[in-house]
Amino acid sequence: MAVPKRKKSRSRTRTRRAAWQATPPDLVPIVVDGKRKLVPRALIRHFHGETGGRDR
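The rules we used
- Residues numbered from 1 in each chain as written.
- Predicted model: local features only at pLDDT ≥ 70, side-chain atom pairs only at ≥ 80, totals over all residues.
- Heavy atoms only, no water.
- Helix = DSSP H or I, 4+ residues; strand = E, 2+ residues; numbered from the N terminus.
- Buried < 20%, exposed > 50% of the residue type's maximum accessible area, 1.4 Å probe, protein only.
- Pairing = 2+ DSSP bridges.
- Patch = residues over 30% accessible without salt bridge, like charges linked within 9 Å, V, L, I, M, F, W, Y side chains within 5 Å.
- Areas by Shrake-Rupley, 256 points an atom, 1.4 Å probe, with all protein chains shown as cover.
- Salt bridge = Lys/Arg side-chain N within 4 Å of Asp/Glu carboxyl O.
- Lys, Arg positive; Asp, Glu negative; His and termini not counted.
- Charge placed at Lys NZ, Arg CZ, Asp CG, Glu CD.

(A) Region of the structure containing the overall build of the protein. Of the regular secondary structure elements, the protein holds 2 helices and 2 strands. Going from N to C terminus, the protein has its helices and strands arranged as α-β-β-α.

Right, here's the structure in full:
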């Protein structure tokens, strides 16, 4: 595992953390119970009640 040679300053660490931004999920319009909803693409199966071959 890589190990840093020197300690990073608090300022550098906080600057790096402040610059990071999460990307918003792709929202896809679907119709559930007659209502239009925006859901993440990964959750479409969940809203349609499909298990995708997995039963839990």
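(B) Inspection of the pairing of strand 1 (residues 27-32) at higher detail. Side chains Val28, Ile30 and Val32 of strand 1 all project onto a buried face; the interleaved residues Leu27, Pro29 and Val31 project onto a face where none is buried. For strand 1 and strand 2 (residues 35-40), the ladder comprises 6 bridges, and the chain directions are antiparallel. Directly across from valine 31, in strand 2, lies its bridge partner arginine 36. Counting the residues between successive antiparallel strands, the hairpin from strand 1 to strand 2 contains 2 residues, one of them, aspartate 33, with a positive phi of roughly 55°.

(C) A look at a positive patch on the surface. A cluster of basic residues, Lys7, Lys8, Arg10, Arg12, Arg14, Arg16 and Arg17, forms a positive patch on the protein surface. By the secondary structure assignment, arginine 14 is in helix 1 (residues 10-19). The exposure class of arginine 14 is exposed, given its relative accessible area of 53%.

(D) Up close: unusual backbone geometry. Residues other than glycine seldom take positive phi values, yet aspartate 33 does so here, at roughly 55°. By secondary structure assignment, the location of aspartate 33 is in the loop between strand 1 and strand 2. Judged by relative accessible area, which is 75%, aspartate 33 ranks as exposed.

(E) Structural view of the environment of serine 9. Position of serine 9 relative to the elements: it lies in the segment before helix 1. Taking the relative accessible area as the measure of exposure, serine 9 reaches 41% and is therefore partly exposed.

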